[in-house]
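Okay, here's what each chain looks like letter by letter:
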Amino acid sequence: MFLTFKKWTILYILCLVLLFAGFAAILWQGSAAQASKNLVLREGEGAVLVIDPGHGGEDGGAVAADGTVESRINLAVALQIDEIARLLGVETEMTRREDISIYSEGAETLRQKKVSDLKNRVERINGVENGVLLSIHQNSMPTAPGVHGAQAFYNRVEGSEEMALAVQEALNLVLNGAENAKTAKRIGDDIYLMKNVTVPAVLVECGFLSNVQETTQLNTQEYQTKLAVTILSAALAHLQ
């Protein structure tokens, strides 16, 4: 049994699978159907979903006013994406499964560890044949604490934009709502991982840790599950 969440019941798991199936079917009938045509994979082979929980270990990423650390939320959402995907028979790889930084031996300062960690993630991701990347992060804008919502970003590799559009459509529909709808955007070249991976890649900023209400939501398993199912269903509908 892939799912290890203690509070989940068999009925709840079945409901999640049914939710995924219905939601993916809706997306597949819409714009995701056209988006999938732009992903080029080796003939006869399916995509491998590479899931990257951003930051980890000494590098906690953004920190909320209540002490919530980004890396922990990233990992919680990513693990749920991975376990639900595996339950559905999808091949997956993860850059990390624990709250660790994957830097190489010899890195000593925090800066050296961050640089080494990113280089190692890029190497791992690019080493996955037919890989398609979902990188999970949390946003923060302390100067504008009212800003909230989830947003998808994509790299320059063919197929990335279309997958990000599908993911963003799902995020707006299920989480953001029409009044807070966001637009998928190409990520800047200052983001090392997204610039250097050679696979189709979407980075999802799941919410703003600078927003008190959203931070509270992000700390709940229920909302983490909603994020995982929403992101995964859109991504898989695209990959069909």
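Just above sits the structure.
What you see is a predicted model, and the numbers here were worked out from it, not measured in a lab.

Would you explain helix 3 (residues 70-87) in this entry?
Because each turn of an α-helix spans 3.6 residues, side chains separated by three or four positions in sequence point in the same direction. The terminal C-alpha atoms of helix 3 lie 26 Å apart, and with 18 residues this matches the ideal 26 Å at 1.5 Å per residue to within 8%. With 13 of its 18 residues buried, helix 3 lies for the most part within the structure. Directly beyond the C-terminal end of helix 3, a positive phi value near 85 degrees is found at Gly89.

Would you explain the nonpolar core in this entry?
Within the largest apolar cluster, 39 residues are counted, with the highest numbers of intra-cluster contacts made by Leu49, Ile81, Ile136, Val204 and Ile231. Of all the secondary structure elements, the ones that give two or more residues to this core are strand 1 (48-53), helix 3, strand 3 (131-139), strand 4 (151-154), helix 5 (160-176), strand 6 (201-208) and helix 8 (221-239). Among the elements that line this core, the one with the most residues is helix 8, at nine residues. Excluding residues within four positions of it along the chain, Leu49 makes contact with Ile81, Ala85, Val90, Glu91, Thr92, Glu93, Val132, Leu134, Leu232 and Leu239.

Is there a simple way to explain the pairing of strand 4 in this structure?
Remark: a regular strand shows side chains that alternate across the two faces of the sheet. Residues Gln151 and Phe153 of strand 4 are buried on one face, and the alternating residues Ala152 and Tyr154, pointing to the opposite face, are buried as well. As judged from the four bridges shared by strand 4 and strand 6, these two strands associate in the antiparallel manner. Counted as the bridge partner of Gln151 is Glu205 from strand 6. Inspection of the sheet shows strand 4 paired to strand 5 (residues 185-186) by two bridges, in the parallel sense.

Please explain the pattern of salt bridges as it appears in this structure.
Scanning the model with the defined rule gives eight salt bridges in all. Lys114 is the partner of Asp59 in a salt bridge, and the nearest nitrogen-oxygen pair spans 3.9 Å. Note that Asp59 is positioned in the loop between strand 1 and helix 3 and Lys114 in helix 4 (residues 110-126), a separation of 55 residues in sequence. Residue Asp189 is joined to Arg186 by a salt bridge in which the shortest nitrogen-to-oxygen separation is 3.6 Å.

Thresholds applied
- Residues numbered from 1 in each chain as written.
- Predicted model: local features only at pLDDT ≥ 70, side-chain atom pairs only at ≥ 80, totals over all residues.
- Heavy atoms only, no water.
- Helix = DSSP H or I, 4+ residues; strand = E, 2+ residues; numbered from the N terminus.
- Expected span 1.5 Å × (residues − 1).
- Buried < 20%, exposed > 50% of the residue type's maximum accessible area, 1.4 Å probe, protein only.
- Core = buried A, V, L, I, M, F, W, Y, C linked by side-chain atoms within 4.5 Å.
- Contact = heavy atoms within 4.5 Å.
- Pairing = 2+ DSSP bridges.
- Salt bridge = Lys/Arg side-chain N within 4 Å of Asp/Glu carboxyl O.

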